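Results of the structural survey
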Amino acid sequence: MKHQATVVKHTGSHYLLTELPGWDLFPAVLRGRIRLKGSSSTNPVAVGDTVTYETEDGHKPTFEEPAVITGVLPRNNYVIRKSTNLSRQEHIIAANIDMAYIVATLDFPEVKLPFLDRILVTCEVYNVPVTIVLNKMDLYGPEYKAMENTFRSIYESAGYHIIGTSAADGTGIDELRKACDGKINLFSGVSGVGKSSLIKALDPSLELRIGEISDAHLQGKHTTTFYQMYRLATGGFIIDTPGIRGFGLVDLKDEEIALYFPEMLKASENCRFTPCTHTHEPGCAVKAAVENGEISCERYSSYLGMLEETGKYR
Ligand code: GDP
Ligand code: ZN
């Protein structure tokens, strides 16, 4: 008999599955070769995947007699990590993500806009909805006010939702918790922004288990990397991505980049030429929008930076 379940953990050839939204984990293995068409990924089955599986005579799977994964259902989306800039090999970090939370802060380590924009582009490329989490709000004194307003206006006008949080004093934690309820949520951000602290604030019982996933697992040459889905006591599921290295690397052609800056995509409908790189072309509506302030200089500058870098990794 065939069943379906979701992958919550993946280590080597072993998987833990559950039937979401329940949380009754059982072991599974991959037998034979499941190949996804056109996929060059090192892991055909990833955390968040819905898989079909079979069990021995319909028994409840055990570690001695695990379920056997027989197929992977089509993904709504996924995010990947490349082993190196040059590598064609991809590792799927997670699939079927309802929301990616990119944690950043105006305090230390201060958010670098071109880097954030690269991550946002990656999420757009992979069709993953994004919310920006601006953490360490408790540290934003009056001297941060202008900076915070600028940050908010840049990203809100680009169409992104921002949740201001403090893992230290609890600001925004309820909002974040509500947003996570009933969904599969991916948390990402550079080290030190307070990702672990936020997850701990969302659900204190998760602290220890999160500590188990260390960056050491990411260093190996072979793909021993594992990611894991956790259940929040208050509802919803989270996938923590240790480190963000490589997350922002996508190969895009020059004329493709602007498609993933939502505000530029919208403005470009009125460009005189198609395709338009929004650099030197006359009658460019994107440049006009930058000049009149509808598109922020910062986002446009990130765009130009990405344009300069295309081809570098190919
Ligand atoms: P991660 O590397 O992103 O998981 O960051 P951690 O959660 O380990 O936090 C890095 C440092 O920032 C630690 O010293 C935390 O105590 C501190 N931190 C995290 N969130 C906040 C916050 O909202 N406010 C303040 N003041 N410090 C925070
Ligand atoms: Zn243009």
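From a predicted model like this one, the values you see are computed outputs, not experimental measurements.

Neighbouring residues of ligand 1: 15 residues in total, closest Asp138, Gly192, Lys195, Ser196 and Ser197. Asparagine 135 places a side-chain nitrogen or oxygen 3.2 Å from a nitrogen atom of ligand 1. Alanine 168 is positioned such that a nitrogen or oxygen atom in its backbone is 3.4 Å from an oxygen atom of ligand 1. Here ligand 1 has 580 Å² of accessible area as a free molecule, and 65% of this is covered by the chains. With three residues, the single largest contributor to the shell around ligand 1 is helix H4 (residues 195-202). Within the shell around ligand 1, the residues separate by chemical class into five nonpolar, seven polar and three charged.

Now for the coordination of the zinc ion (ligand 2). Around the zinc ion (ligand 2), the donor atoms from the protein are Cys271 (SG), Cys276 (SG), His278 (ND1) and Cys284 (SG), and they sit 2.1 to 2.4 Å away. Considering all four donor atoms around the zinc ion (ligand 2), angles at the metal cover 104 to 118° and the coordination shape is tetrahedral. Motif for the zinc ion (ligand 2), donor spacing along one chain: C-x4-C-x1-H-x5-C. The residues cysteine 271 and cysteine 276 share a single accessibility class, namely buried.

A few words on the nonpolar core. Generally speaking, a soluble globular protein has its nonpolar side chains buried in company with each other. Of all hydrophobic cores here, the largest spans 71 residues; its most connected members are Leu17, Phe151 and Tyr155. With six residues, the top contributor of residues to this core is helix H1 (residues 113-125). Setting aside chain neighbours within four positions, we find leucine 17 in contact with Ala5, Thr6, Val7, Asp24, Leu25, Phe26, Ala28, Val51, Tyr53 and Ile69. With 17 residues, the next largest nonpolar core counts Tyr101, Val133, Ile163 and Ile173 among its residues.

Take the pairing of strand S9 (residues 130-135) next. Most of S9 is tucked away, with six of its six residues classed as buried. Side chains Val130, Ile132 and Leu134 project from S9 onto one buried face, and the interleaved Thr131, Val133 and Asn135 project onto a second face that is buried too. Direction of pairing for strand S8 (residues 99-105) relative to S9: parallel, over a ladder of six bridges. Bridging across to S9, alanine 104 finds its partner in leucine 134. In this fold, the crossover linking S8 to S9 by way of H1 has right-handed handedness. When S9 meets strand S10 (residues 161-164), the two strands line up parallel, connected through four bridges. Within S10, the residue paired with leucine 134 across the bridge is glycine 164. Note on the crossover from S9 through helix H2 (residues 145-157) to S10: the handedness is right-handed.

About the criteria used
- Residues numbered from 1 in each chain as written.
- Chains lettered and ligands numbered in written order.
- Predicted model: local features only at pLDDT ≥ 70, side-chain atom pairs only at ≥ 80, totals over all residues.
- Heavy atoms only, no water.
- Near = heavy atom within 4 Å.
- Polar contact = N/O pair within 3.5 Å; in protein donor to acceptor, adjacent residues only side chain to side chain.
- Areas by Shrake-Rupley, 256 points an atom, 1.4 Å probe, with all protein chains shown as cover.
- Helix = DSSP H or I, 4+ residues; strand = E, 2+ residues; numbered from the N terminus.
- Nonpolar A, V, L, I, M, F, W, Y, C, P; charged D, E, K, R; others polar.
- Donors = N, O, S within 2.8 Å, 3.2 Å for Na, K, Ca; no water.
- Tetrahedral: all angles 85-135°; square planar, octahedral: opposite > 155°, others 65-115°.
- Buried < 20%, exposed > 50% of the residue type's maximum accessible area, 1.4 Å probe, protein only.
- Core = buried A, V, L, I, M, F, W, Y, C linked by side-chain atoms within 4.5 Å.
- Contact = heavy atoms within 4.5 Å.
- Pairing = 2+ DSSP bridges.
- Right-handed = clockwise from strand over helix to strand, strands pointing away.

Read these as spatial facts, not as claims about activity.
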